[in-house]
Amino acid sequence: MTAREQTVGRPLAAVLGLLTIFGPISMDLYLPVLPALTAELQSTTSVAQLTITACLLGLAIGQIIAGPLSDRFGRRTPLLVGVIAYTVTSALCALSPTIETLIAARFVQGLAGAVGIVIAQAAGRDVYSGGKLLRFYGRLTVLGGLAAIIGPVIGGQLATVTDWRGVFLFLAAVGVAILVASLVVFRETLPADRRVTGGFSHTLNDFRRLLADRVFVGAVLITGCTYSAIFAYLSGATYILQGVYGLSPQGYSFAFGLNSLGFVIFGFFAGRLSERWSERGTLTMGLAMATSGALGLLATALLHLPLSAIVLSLFTMVSGVAVTSPPATSLALKDYPDVAGTASSLLGLARFAFGGLAAPLVGIGGADNAVPFGIVAFVSAASAAFCLALVGRRREGQDVEGRI
């Protein structure tokens, strides 16, 4: 155990975990009030849905900006700036007079929220290594799944006592709470002597160095492709389960909760399994689960199989993605402690950019056609499995050459 690991207490670990909820809670919390928002701002459904797209783009782009900055200036200062900006822009969302201003505010909210996500991963790499690092990334996967479960539930409950503006004010309050926790608990995890020096050209060199490593690239592509399947599920499952299979909103909530529970449980065990078995073995198992589940979805759509088939296939796919997340994140970051923020930013970019591209494709055939959903899910999972060939052993001396 290193000296840095010995100094990590439960409060810091808790704050790092809280930072991971920025993305899921920003995406999910206001979904129950989206129809009311659309009506009050006199918008169309398609334009109102751009508030989701804008947040996704912000979450993707923001990580590319925040990661290198945190490697250069440390983790704490960019984090505090990001949380303050998130709080302010959440309030601005609540005050938006038109759909256009809300879309712009959501984009900036995503940019700010990305800071917490990338720094949680990078700071974890600063203070953990080996098995502790794998368990940490397993916990982040679990918290992301919990946020996905809790977000819509909290949003639905808030909708009973307030309007959509109140929901965004609640997000601002969450930002204030995390800001206070960060000020009190979060101490700098990247000492000055370990920070990256140099300007923009040095950052580009860091990106080139990372992208020259086939193991890193493979882990990033696997992450991006598997999360494409997740975003396809998030955007398409509600239409298919309710529109095609006739589930009530309560029935859909049960199915959604079951899949999220699978994500949490399998994400938790994946971190421990990677530590005791192997990262690559666990990754292979997760990809096999995700691909078989996605193939089941495609078969269900083409052959019009019963509800039980699609529920089982969704559970298998979502749980498989959860299994891939801890080992893929560890493989990407563990050999780059000096540029953990930059490396983490590329992982985050892949998650949200790939997912943002996949989500709209699900609805190409209309709300009553499950085939596009099956195709997108299977192609995403199969592409991730294909990228497994890249995640072999690094060539001897590769990392040393990269650091010279």
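Residues numbered from 1 in each chain as written. Predicted model: local features only at pLDDT ≥ 70, side-chain atom pairs only at ≥ 80, totals over all residues. Heavy atoms only, no water.

*Asks:* Residue-level account of the state of the cysteines, with values.
*Replies:* Considering all chains together, one arrives at 0 disulfides under this definition. With no disulfide of its own, Cys55 lies closest to Cys93 among cysteine sulfurs, the gap being 8.2 Å. Judged by its relative accessible area of 0%, Cys55 falls in the buried class. The closest cysteine sulfur to the non-disulfide-bonded Cys387 is located on Cys225, 5.0 Å from its own sulfur. (Disulfide = S-S within 2.5 Å. Buried < 20%, exposed > 50% of the residue type's maximum accessible area, 1.4 Å probe, protein only.)

*Asks:* Could you give an account of unusual backbone geometry, naming the residues involved and the relevant values?
*Replies:* One non-glycine residue, Gln42, lies in positive phi territory at about 55 degrees. With respect to the secondary-structure elements, Gln42 resides in the loop between helix 4 (34–40) and helix 5 (45–48). With phi around 55 degrees, His304 is a residue other than glycine that occupies positive phi space. Tracing the sequence through the fold places His304 in the loop between helix 14 (279–303) and helix 15 (307–333). When its relative accessible area of 69% is taken as the criterion, His304 is described as exposed. (Helix = DSSP H or I, 4+ residues; strand = E, 2+ residues; numbered from the N terminus.)

*Asks:* Help me get a handle on a positive patch on the surface, residues and values and all.
*Replies:* A cluster of like positive charges, contributed by Arg10, Arg139, Arg272 and Arg276, occupies part of the molecular surface. Examined against the element boundaries, Arg272 turns out to sit in helix 13 (residues 249–276). (Patch = residues over 30% accessible without salt bridge, like charges linked within 9 Å, V, L, I, M, F, W, Y side chains within 5 Å. Areas by Shrake-Rupley, 256 points an atom, 1.4 Å probe, with all protein chains shown as cover. Salt bridge = Lys/Arg side-chain N within 4 Å of Asp/Glu carboxyl O. Lys, Arg positive; Asp, Glu negative; His and termini not counted. Charge placed at Lys NZ, Arg CZ, Asp CG, Glu CD.)

*Asks:* So what about the packing of helix 12 (residues 214–244) against helix 15? Which residues, and what values?
*Replies:* The contact between helix 12 and helix 15 brings their axes to 9 Å, and the two run at 155 degrees. Put simply, helix 12 runs roughly antiparallel to helix 15. As helix 12 packs across helix 15, the resulting crossing turns out to be left-handed. Between helix 12 and helix 15, the residues in contact are Val215, Phe216, Ala219, Thr223, Thr226, Tyr227, Ala229, Ile230, Tyr233, Ile240 and Leu241 and Leu307, Ile310, Leu314, Met317, Val318, Val321, Thr324, Ser325, Ala328, Leu331 and Ala332, respectively. Residue composition of the contact of helix 12 with helix 15, grouped by class: 18 nonpolar, 4 polar and no charged. (Axes fitted to C-alpha atoms, helices over the stretch in contact; angles between N-to-C directions. Parallel < 35°, antiparallel > 145°, perpendicular 65-115°, else oblique. Left-handed = near helix turned anticlockwise from the far one by under 90°. Contact = heavy atoms within 4.5 Å. Nonpolar A, V, L, I, M, F, W, Y, C, P; charged D, E, K, R; others polar.)

*Asks:* Talk me through the nonpolar core; I want residue IDs and the actual numbers.
*Replies:* In this structure, Leu37 and Phe168 are the most contacted members of the largest nonpolar core, which totals 113 residues. Residue contributions to this core peak at 15 residues, all from helix 12. Residues contacting Phe168, with those up to four places away along its chain left out, are Tyr30, Leu37, Ser90, Cys93, Ala94, Leu102, Arg106 and Gln109. (Core = buried A, V, L, I, M, F, W, Y, C linked by side-chain atoms within 4.5 Å.)

*Asks:* How would you sum up the pattern of salt bridges? Please name residues and give values.
*Replies:* Following the criterion strictly, the structure yields 7 salt bridges and no others. For Glu40, the salt bridge identified is with Arg165, shortest N-O distance 3.3 Å. One end of the pair, Glu40, is in helix 4; the other, Arg165, is in helix 10 (residues 164–185), with 125 residues separating them in the sequence. The salt bridge partner of Arg194 is Asp126, with a shortest N-O separation of 3.9 Å. Of the two residues, Arg194 is situated in the loop between helix 10 and helix 11 (200–211) and Asp126 in helix 8 (residues 99–127); the sequence distance between them amounts to 68 residues. Arg194 gets classed as partly exposed once you look at its relative accessible area, which sits at 25%. Each of Asp71, Arg75, Asp126 and Arg194 takes part in a single network of salt bridges with overlapping partners.

*Asks:* Describe in detail the packing of aromatic side chains, supporting the description with residues and values.
*Replies:* Within the structure shown, the criterion is met by 7 aromatic pairs. Arranged with centres 5.2 Å apart and planes meeting at 35 degrees, the rings of Tyr128 and Phe136 form a pair that is tilted. For the pair Tyr128 and Phe136, one class covers both residues: buried. Centroid distance Phe231 to Phe352: 6.1 Å. Interplanar angle 65 degrees. Geometry classified as edge-to-face. Residue Phe231 is located in helix 12, and its partner Phe352 is located in helix 16 (residues 340–358); the two are separated by 121 residues in the primary sequence. Accessibility expressed as a relative area gives 11% for Phe231, which makes it buried. Under the relative-accessibility criterion, Phe352 is labelled buried at 11%. Each residue in the set Tyr128, Phe136 and Tyr137 is aromatic and connected to the rest through ring pairs, giving one cluster. Over the ring of Tyr227 we find Arg351, and its NZ or CZ is 5.2 Å from the ring centre. (Phe/Tyr/Trp six-rings, centres within 6.5 Å; stacked < 30°, edge-to-face > 60°. Lys NZ or Arg CZ within 6 Å of the ring centre and 35° of its normal.)

*Asks:* For the packing of helix 2 (residues 10–19) against helix 10, give the residues involved together with the corresponding values.
*Replies:* Packing of helix 2 against helix 10 leaves a shortest axis separation of 10 Å and a crossing angle of 145 degrees. Every pair of crossing elements has a handedness; the one defined by helix 2 and helix 10 is left-handed. Facing Pro11, Leu12, Val15, Leu18 and Leu19 of helix 2, the residues of helix 10 in contact are Ile178, Ala181, Ser182 and Val185. Taken together, the residues that form the contact of helix 2 with helix 10 break down as 8 nonpolar, 1 polar and no charged.

*Asks:* So, the environment of Arg214: which residues are in play, and what are the values?
*Replies:* Mapped onto the elements, Arg214 comes out in helix 12. Placed 142 residues apart in sequence, Arg214 and Arg72 show a C-alpha to C-alpha distance of 25 Å.

*Asks:* Let's hear about helix 14: which residues, and what values?
*Replies:* Its 25 residues place the ends of helix 14 36 Å apart at the C-alpha level, agreeing with the 36 Å of an ideal helix rising 1.5 Å per residue. You can read the cap of helix 14 off the contacts: a side-chain oxygen lies 2.8 Å from the backbone nitrogen of Gly281, and it is on Ser278. His304, located one to two residues past helix 14, shows a positive phi value of around 55 degrees. (Expected span 1.5 Å × (residues − 1). Polar contact = N/O pair within 3.5 Å; in protein donor to acceptor, adjacent residues only side chain to side chain.)

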